[in-house]
Amino acid sequence: MRTPNSVPLENRISYRCLSIATRITRFLAPRWKDEFGLTVIGWRVMAVIGRFEPISAKEVAARTSTDAFFVARAIEKLVEQGYVGVSSFSVQ
C-alpha cells in the first residue's frame with residue numbers, strides 16, 4: 001500500500017545507484033573474465049585489498065557485503081593467480 005508521500009522505488013536514489021552499479025558490473029564482467037580471469041567477486045575483493053591492505057578476510061567480506069565463504073574462495077583464487085600475496089592480509 002502506497003502512502004501519498006512515498007517515493008516510488010524507481011525514483012529512490014539508493015535504487016538508482018544500485019541499478020547503475022549493476023549495469024556497469026554486467027558490462028565490465030566479461031572483460032575482467034576474458035582479460036584477467038577474474039570473477040566479479042574476485043575483482044571486488046582485489047579492489048578492497050588494494051585499497052585497505054593489510055586487511056583481514058573478515059574485513060574484506062564486510063566491505064564487499066559478500067559472504068565470508070565466497071570471499072575466502074576469491075582470495076584463494078587471487079593468490080593462485082598471483083594477483084595478491086599473503087602479506088596483504090592481517091591476522092585478527
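## Examining the overall build of the chain
- Scanning the chain from terminus to terminus reveals four helices and zero strands.
- In the chain, the succession of helices and strands from N to C terminus is α-α-α-α.
- Taken against the 2.2 N^0.38 rule, which gives 12 Å for 92 residues, the C-alpha radius of gyration of the chain at 17 Å runs more than 25% over that of a compact globule.
- Structurally, the chain occupies a C-alpha span of about 55 × 35 × 20 Å along its principal axes.
- Per-residue burial over the chain gives 24% buried out of 92 residues.
- Look at the contacts in the chain between residues 6 or more apart in sequence, and 52% of them connect residues 24 or more apart.
- Carbon and sulfur atoms form 57% of the exposed surface of the chain, whose accessible area is close to 7,100 Å².
- Charged side chains of the chain number 13 positive and 8 negative; the gap between the two group centres comes to 10 Å.

## Structural notes on the packing of helix α3 (residues 57-64) against helix α4 (residues 68-81)
- Packing of α3 against α4 brings their axes to within 9 Å, and their N-to-C directions diverge by 115°. You can see that α3 and α4 cross each other, and the crossing is right-handed. Contact residues: α3 offers A57, V60, A61 and T64, while α4 offers A68, V71 and I75.
- Within the contact of α3 with α4, the residues separate by chemical class into six nonpolar, one polar and no charged.

## Notes on the packing of aromatic side chains
- One pass over the full model with this rule turns up three aromatic pairs.
- One Lys or Arg, R63, reaches over the ring of F52 and ends 3.7 Å from the middle of that ring.

## Quick look at α4
- Along its 14 residues, α4 runs 20 Å from first to last C-alpha, staying within 8% of the 20 Å computed at 1.5 Å per residue.
- Along α4, the positions that sit buried rather than exposed are V71, A74, I75 and L78. Angularly, the buried residues of α4 cover 105° about the axis, an arc narrow enough to put them on a single face. What points out from α4, more than 90 degrees from its buried face, is the exposed set R73 and E80.
- Residues of α4 that are buried in the fold lie against α2 (40-52) and α3.
- A side-chain oxygen of the first residue of α4 lies 2.9 Å from the backbone nitrogen of F69; this N-cap is D67.
- At the C-terminal side of α4, G82 shows a positive phi close to 85°.

## Details of the nonpolar core
- Ranked by size, the top nonpolar core spans 16 residues in total, and within it V45, I49, V60, V71, I75, L78 and V84 carry the most contacts.
- When residues of this core are traced back to their parent elements, those giving at least two are α1 (13-36), α2, α3 and α4.
- Setting aside its immediate chain neighbours within four residues, V84 contacts M46, I49, L78, V79 and F89.

Analysis parameters
- Residues numbered from 1 in each chain as written.
- Predicted model: local features only at pLDDT ≥ 70, side-chain atom pairs only at ≥ 80, totals over all residues.
- Heavy atoms only, no water.
- Helix = DSSP H or I, 4+ residues; strand = E, 2+ residues; numbered from the N terminus.
- Rg over C-alpha atoms; globule rule 2.2 N^0.38 Å.
- Buried < 20%, exposed > 50% of the residue type's maximum accessible area, 1.4 Å probe, protein only.
- Contact = heavy atoms within 4.5 Å.
- Areas by Shrake-Rupley, 256 points an atom, 1.4 Å probe, with all protein chains shown as cover.
- Lys, Arg positive; Asp, Glu negative; His and termini not counted.
- Charge placed at Lys NZ, Arg CZ, Asp CG, Glu CD.
- Axes fitted to C-alpha atoms, helices over the stretch in contact; angles between N-to-C directions.
- Left-handed = near helix turned anticlockwise from the far one by under 90°.
- Nonpolar A, V, L, I, M, F, W, Y, C, P; charged D, E, K, R; others polar.
- Phe/Tyr/Trp six-rings, centres within 6.5 Å; stacked < 30°, edge-to-face > 60°.
- Lys NZ or Arg CZ within 6 Å of the ring centre and 35° of its normal.
- Expected span 1.5 Å × (residues − 1).
- Arc of directions from axis to C-beta.
- Polar contact = N/O pair within 3.5 Å; in protein donor to acceptor, adjacent residues only side chain to side chain.
- Core = buried A, V, L, I, M, F, W, Y, C linked by side-chain atoms within 4.5 Å.

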